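Descriptive structure summary
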Amino acid sequence: MSRPPRPTSSRAWLCSGGVFDWEPALRKLDELNARVEDPTLWDNPDQAQALSRERSRLETQINAVREMENGLEEAVMLSEMADEEGDEATLEDARASLKTIKDRAARAELEALLSGEADGNDAYLEVNSGAGGTESNDWAGMLLRMYSRWAKSRGYEVEIQEETDGEQAGVKSATIQISGPNAYGWLKSESGVHRLVRISPFDSAAKRHTSFASIGVSPVVDDTIEIDINPSDVRTDTYRASGAGGQHINKTDSAVRLTHVPTNTVVACQAGRSQHQNREQAWKMLRARLYELELQKREAAAQALADARTDIGWGHQIRSYVLQPYQMVKDLRTNVETSDTDGVLNGDLDAFMGAALAARVGDKRGEAAED
């Protein structure tokens with residue numbers, strides 16, 4: 001019978017060699033607590049809310065480390081007692097607890113890497129079907145459901161901003177807002193073309209079809225981030241909203257579409273009950289999209305990301321979902337793959353997102369070392 005070795009420093013193990021620096025984090029939290037208590041802070045509500053979000057995020061990280069540290073000490077102590085008493089069943093429970101803590105620590109390590117300028121923000125996720133009519137529309141609808149389920153499994157809020165239904169199934173396009181800690185940081189690596197191979201449920205001959213749809217992700221930005229948009233560069237179109245929303249939303253031109261002509265950036269919103277509400281939200285979405293474009297310019301990987309969005313078809317996909325003749329989902333950037341296609345399509349995406357995030361951070365570290 002063997003028990004797991006006792007770590008010499010549980011906090012050092014959990015903090016992963018400086019990815020999450022403990023003492024600086026505690027000092028930063030003390031500083032944020034002091035600033036939050038300053039009554040003049042709320043003279044600027046947007047700045048106050050941003051600071052409160054940062055404080056909440058850091059406090060959550062610190063509490064998570066403390067909980068894991070306590071769990072680790074308890075599991076090791078339990079394993080020592082079980083080893084002395086020859087209790088194999090209890091020892092196995094201790095091993096399971098240690099594995100759970102290890103998995104949680106690995107996840108926390110990845111979250112600690114989310115240090116980009118907008119990683120902590122909420123996100124807009126946009127899905128567009130590629131060429132192929134009903135097949136691609138149905139695939140776009142499947143992706144929309146997949147990301148909605150991923151978000152809800154993490155306790156994030158999902159709100160539909162715009163949705164254009166396909167003629168027979170699925171959606172031609174849709175935009176959702178995903179709200180929660182580090183939503184943009186996790187989702188940003190999902191931008192690109194996604195490819196599906198399956199036996200078509202719409203083909204009476206039961207032939208295999210390949211479908212494409214694109215995902216675009218932008219951070220939700222607040223008024224503390226300045227995005228200079230010349231109103232004369234923006235074309236505004238109104239149209240009748242489609243889908244759910246009641247009689248009013250379907251009988252008036254309440255939906256709003258904005259086009260930023262210089263960048264050909266298009267956003268649309270139909271979630272509100274009035275044109276005024278939709279116009280205001282559409283401007284927020286446009287600012288987010290243009291901010292994302294600015295972020296892309298600052299990153300070395302931005303060009304590859306932009307190329308992936310240029311054509312929703314062959315040669316541009318970042319991930320393949322194969323349901324026939326075998327089952328496999330494979331990310332073409334990180335080579336992470338799984339045969340659990342049902343799990344992935346139901347929102348189990350953490351392995352893909354984690355690998356993409358780690359690779360992205362690794363690339364940045366390599367560039368810094370070369371400099």
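Above: the structure in question.
Residues numbered from 1 in each chain as written. Predicted model: local features only at pLDDT ≥ 70, side-chain atom pairs only at ≥ 80, totals over all residues. Heavy atoms only, no water.

A count of helical and extended segments in the protein gives eleven helices and eleven strands. By residue count, 43% of the 371 residues in the protein fall in the buried class. Put simply, of all contacts in the protein between residues at least 6 apart along the chain, 64% involve residues at least 24 apart. When the accessible surface of the protein is split by element, carbon and sulfur atoms take 47% of a total near 19200 Å². (Helix = DSSP H or I, 4+ residues; strand = E, 2+ residues; numbered from the N terminus. Buried < 20%, exposed > 50% of the residue type's maximum accessible area, 1.4 Å probe, protein only. Contact = heavy atoms within 4.5 Å. Areas by Shrake-Rupley, 256 points an atom, 1.4 Å probe, with all protein chains shown as cover.)

With that settled, consider the pairing of strand β1 (residues 123–129). Across the seven residues that make up β1, a large majority, six, are buried. Inspection of the sheet shows β1 paired to strand β3 (residues 171–179) by six bridges, in the antiparallel sense. Note on β3: the bridge partner recorded for E126 is T175. (Pairing = 2+ DSSP bridges.)

Reading across from one edge, β2-β3-β1-β5-β4-β9-β10-β11 is the order of the eight strands in this open sheet, with mixed pairing throughout. Bordering the open sheet on either side are β2 (157–165) and β11 (337–338), each of which pairs with just one other strand.

Either a parallel or an antiparallel arrangement is found when strands of a sheet pair, and the pairing is made through backbone hydrogen bonds. Taken together, the three strands give an open sheet; going across it, the order is β6-β7-β8, and neighbouring strands pair in antiparallel fashion. Looking at the sheet topology across the chains shown, the edges are occupied by β6 (234–239) and β8 (265–269). Averaged over all adjacent pairs, the angle separating strand axes in this sheet is 15°, with direction ignored. Relative to strand β7 (residues 255–260), β6 runs antiparallel, the two sharing six bridges. Bridge pairing in β7 places V234 opposite H260. (Axes fitted to C-alpha atoms, helices over the stretch in contact; angles between N-to-C directions.)

This next bit is on helix α5 (residues 134–153). Taking 1.5 Å as the rise per residue, α5 with 20 residues should run 28 Å; its terminal C-alpha atoms sit 28 Å apart, in good agreement. Counting buried positions along α5 yields 16 of 20 residues, so the element is predominantly enclosed. Following α5 by one or two positions, G155 has its phi on the positive side, about 80°. (Expected span 1.5 Å × (residues − 1).)

Now for the pattern of salt bridges. Per the counting criterion, the structure on display carries 17 salt bridges. Of the charged contacts, one joins E88 and R95 as a salt bridge, the two residues approaching to 3.3 Å between their closest N and O atoms. Judged by its relative accessible area of 37%, E88 falls in the partly exposed class. Taking relative accessible area as the criterion, R95 reaches 26% and is therefore assigned partly exposed. Within this structure, E190, R319, D331 and R333 form a network of salt bridges that share partners. (Salt bridge = Lys/Arg side-chain N within 4 Å of Asp/Glu carboxyl O.)

This structure, assessed with the given rule, holds two aromatic pairs. Pairing W139 with Y321 gives two aromatic rings, centres 4.9 Å apart and planes at 65°, and the pair type is edge-to-face. Of this pair, W139 sits in helix α5 while Y321 is found in strand β9 (residues 317–322), placing the two residues 182 residues apart along the sequence. Each member of the pair, W139 together with Y321, is buried. Judged by centre distance (5.7 Å) and plane angle (80°), the rings of W150 and Y156 are edge-to-face. Relative accessible area serves as the criterion here: at 1%, W150 is assigned to the buried category. Residue classification places Y156 among the buried positions, given a relative accessible area of 8%. If you follow R257 out to its NZ or CZ, it ends over the ring of Y239, 4.4 Å from the centre. (Phe/Tyr/Trp six-rings, centres within 6.5 Å; stacked < 30°, edge-to-face > 60°. Lys NZ or Arg CZ within 6 Å of the ring centre and 35° of its normal.)

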